[in-house]
Amino acid sequence: MGHKANNTLLLFSLFSLTLLVSLHQTRATKSHNVTPLKGRKELTKCNLFIGSWVIDPSHPLYNSSSCPFIDAQFDCQKFGRPDTQYLKYSWKPDSCALPRFDGMEFLNKWRGKKIMFVGDSLSLNMWESLSCMLHASLPNANTTFLRREALSTIIFQDYGVTIQLYRTPYLVDIVREQVGRVLTLDSIQAGNAWVGMDMLIFNSWHWWTHTGNSQGWDYIRDGPNLLKDMDRLDAFYKGMSTWAGWVDLNVDPTKTKLFFQAISPTHYQGQEWNQPKKSCSGELEPLAGSTYPAGLPPAANIVNRVLKNMKNPVYLLDITLLSQLRKDAHPSVYGVDHTGNDCSHWCLPGLPDTWNELLNAALIM
Ligand SMILES: *[C@@H]1O[C@H](CO)[C@@H](O)[C@H](O)[C@H]1NC(C)=O
Ligand SMILES: *[C@@H]1O[C@H](CO)[C@@H](O)[C@H](O)[C@H]1NC(C)=O
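Keep in mind it's a predicted model, so treat the numbers as computed, not measured.

1. Section: the site of ligand 2
Alright, step 1. Lining the immediate surroundings of ligand 2 are Asn140, Asn142 and Asp158.
Alright, step 2. Note that an oxygen atom of ligand 2 is positioned 2.3 Å from one of the side-chain N or O atoms of Asn142.
Alright, step 3. A distance of 3.1 Å separates an oxygen atom of ligand 2 from a polar side-chain atom of Asp158.
Alright, step 4. Within the complex, the protein chains bury 29% of what would otherwise be the 360 Å² of accessible surface of ligand 2.

2. Regarding the packing of helix H4 (residues 121–137) against helix H9 (residues 351–364)
Packed helices, taken two at a time, are described by the angle their axes make and the gap between the axes.
Alright, step 1. At their nearest, the axes of H4 and H9 sit 8 Å apart, and the two run at 75° to each other. Judged by the angle between their axes, H4 and H9 are roughly perpendicular. Judged by residue contacts, Leu122, Asn125, Met126, Ser129, Leu130 and Met133 of H4 engage Pro352, Asp353, Trp355, Asn356, Glu357 and Leu359 from H9.
Alright, step 2. For the contact of H4 with H9, the class distribution of residues is seven nonpolar, three polar and two charged.

3. Some details on the sheet that holds strand S8 (residues 180–184)
Alright, step 1. Overall, mixed pairing links the four strands, which are arranged S7-S8-S10-S11 in an open sheet. At either end of the open sheet lies a strand with only one pairing partner, and these are strand S7 (173–177) and strand S11 (225–227). Direction aside, neighbouring strands of the sheet carry axes that sit 30° apart on average.

4. Considerations on the side chain of Thr162
Alright, step 1. Mapping Thr162 onto the fold places it in strand S6 (residues 161–167).
Alright, step 2. For Thr162, a relative accessible area of 15% puts it in the buried group.

5. A word on empty space enclosed by the protein
Alright, step 1. Considering all chains together, one arrives at one cavity of 30 Å³ or more under this definition.
Alright, step 2. By volume, the largest cavity is sized at about 70 Å³.
Alright, step 3. The wall of the largest cavity is formed by Trp53, His59, Pro60, Tyr86, Leu87, Tyr89, Arg326, Pro349, Gly350, Leu351, Asp353 and Thr354.
Alright, step 4. Top element by residues in the lining of the largest cavity is H9. It accounts for three residues.
Alright, step 5. A breakdown of the residues in the lining of the largest cavity according to their chemical character gives seven nonpolar, three polar and two charged.

6. Considering the layout of surface pockets
Using a probe with the size of a water molecule, rolled over the atoms, empty space left in the structure can be pinpointed.
Alright, step 1. Empty space within the largest pocket amounts to approximately 630 Å³.
Alright, step 2. Considering the residues around the largest pocket, the lining is formed by 33 residues, among which Leu122, His206, His210, Thr266 and Ser344 are closest to the centre.
Alright, step 3. When grouped by side-chain class, the residues that make up the lining of the largest pocket number 14 nonpolar, 13 polar and six charged.
Alright, step 4. In this structure, the second largest pocket encloses a volume near 370 Å³.
Alright, step 5. Around the second largest pocket, the lining comprises 18 residues; the ones closest to its centre are Arg167, Thr168, Pro169, Tyr170 and Ile174.
Alright, step 6. By residue number, the principal contributor to the lining of the second largest pocket is S7, which donates three residues.
Alright, step 7. Here the lining of the second largest pocket is composed, by residue class, of eight nonpolar, five polar and five charged.

7. Brief notes about the site of ligand 1
Alright, step 1. Neighbouring ligand 1 are Asn63, Ser65 and Leu87.
Alright, step 2. The side chain of Asn63 places a nitrogen or oxygen atom 2.3 Å from an oxygen atom of ligand 1.
Alright, step 3. Residue Ser65 places a side-chain N or O atom 3.3 Å away from an oxygen atom belonging to ligand 1.
Alright, step 4. Considering ligand 1 on its own, with 350 Å² of exposed area, one finds that the protein chains cover 32% of that surface.

The rules behind the values
Residues numbered from 1 in each chain as written. Chains lettered and ligands numbered in written order. Predicted model: local features only at pLDDT ≥ 70, side-chain atom pairs only at ≥ 80, totals over all residues. Heavy atoms only, no water. Near = heavy atom within 4 Å. Polar contact = N/O pair within 3.5 Å; in protein donor to acceptor, adjacent residues only side chain to side chain. Areas by Shrake-Rupley, 256 points an atom, 1.4 Å probe, with all protein chains shown as cover. Axes fitted to C-alpha atoms, helices over the stretch in contact; angles between N-to-C directions. Helix = DSSP H or I, 4+ residues; strand = E, 2+ residues; numbered from the N terminus. Parallel < 35°, antiparallel > 145°, perpendicular 65-115°, else oblique. Contact = heavy atoms within 4.5 Å. Nonpolar A, V, L, I, M, F, W, Y, C, P; charged D, E, K, R; others polar. Pairing = 2+ DSSP bridges. Buried < 20%, exposed > 50% of the residue type's maximum accessible area, 1.4 Å probe, protein only. 1 Å grid on protein atoms, 1.4 Å probe; cavity = no way out; pocket = protein on both sides within 12 Å on 5 of 7 lines; lining within 4 Å. Points joined across faces, edges and corners; volume = space filled by probe spheres on them.

Next comes the structure, spelled out in structure tokens:
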């Protein structure tokens with residue numbers, strides 16, 4: 001008896017619950033336009049770049065062996081890196097969760113559009129990462145892949161989305177003159193190739209520091225002066241200012257989303273994280289917390305200074321600190337030929353995937 005009554009009660013409760021749920025759904029449908037806005041607002045309040053690294057079973061976002069776009073120099077698993085924990089971290093901003101990357105949503109949003117990364121091999125790193133993330137979401141998508149010295153292209157044909165890489169490590173031009181290769185601080189002819197994009201993601205710095213055999217120029221032209229060398233931070237500031245002037249003159253920010261990929265740190269000097277005998281080699285874990293003992297590299301201040309004085313709003317994808325914490329994320333000796341110790345680029349999958357998750361978050365905001 002009591003049993004039956006209970007059942008009736010239960011049925012009634014279930015009925016009320018169903019009614020409540022459907023009422024709630026009607027409400028939710030009505031306020032449909034409001035709900036996502038609230039989420040967006042929460043993201044806007046959040047500083048995406050202050051947080052810490054956490055182990056997250058949803059990472060890595062792909063396996064390098066199934067991504068057709070990876071350069072050997074980033075494919076650490078293929079070239080024998082024995083540990084895998086570095087693959088499992090995700091970035092957790094202190095005051096919000098990063099939206100999960102959804103390749104189909106990304107491609108639908110950018111349907112028919114052109115995206116271009118412009119800069120050095122850190123741009124290459126990020127370009128290949130984004131392409132692998134998209135490919136992992138849509139493994140059967142038709143793609144075209146053209147890898148060239150100056151301009152490389154991946155097209156997701158079914159969506160008409162073109163993702164290019166324009167290699168120009170200084171952003172300003174290297175001009176071949178009688179005296180040799182001249183780094184011309186006030187010239188940016190290469191910019192003609194960047195016009196008409198729907199999204200531009202720039203980056204430069206590492207090559208400004210190179211000397212000896214890896215230096216990309218023989219002279220610097222600074223206004224009227226032809227110099228054998230100059231202070232590299234001064235040169236970077238002048239080159240960046242030329243770039244900023246080019247962007248302000250040639251890019252319509254209502255048509256083109258503008259990003260600057262902040263300074264990507266290296267880990268050759270263990271004293272920066274209080275381990276003077278070390279480099280990135282053999283590092284298996286990120287630094288805990290959200291401070292890097294050495295502080296920000298001086299080039300980061302230059303980027304901030306230049307962006308602040310621009311007319312066009314350029315979103316600083318401020319990945320410097322969070323990347324400084326990832327001393328474990330470089331190829332080190334697991335590059336193609338096992339001869340070098342690369343503490344400058346990053347393994348794929350790996351850290352650049354986070355840069356792209358942050359790019360994605362910035363676009364959703
Ligand atoms: C990637 O896939 C290959 C081939 O299926 C597999 O052997 C390897 O363990 C995978 N790597 C990781 C890190 O899961
Ligand atoms: C790839 O292209 C072929 C030929 O145009 C088309 O039939 C197929 O549906 C495409 N694949 C996807 C996943 O869209």
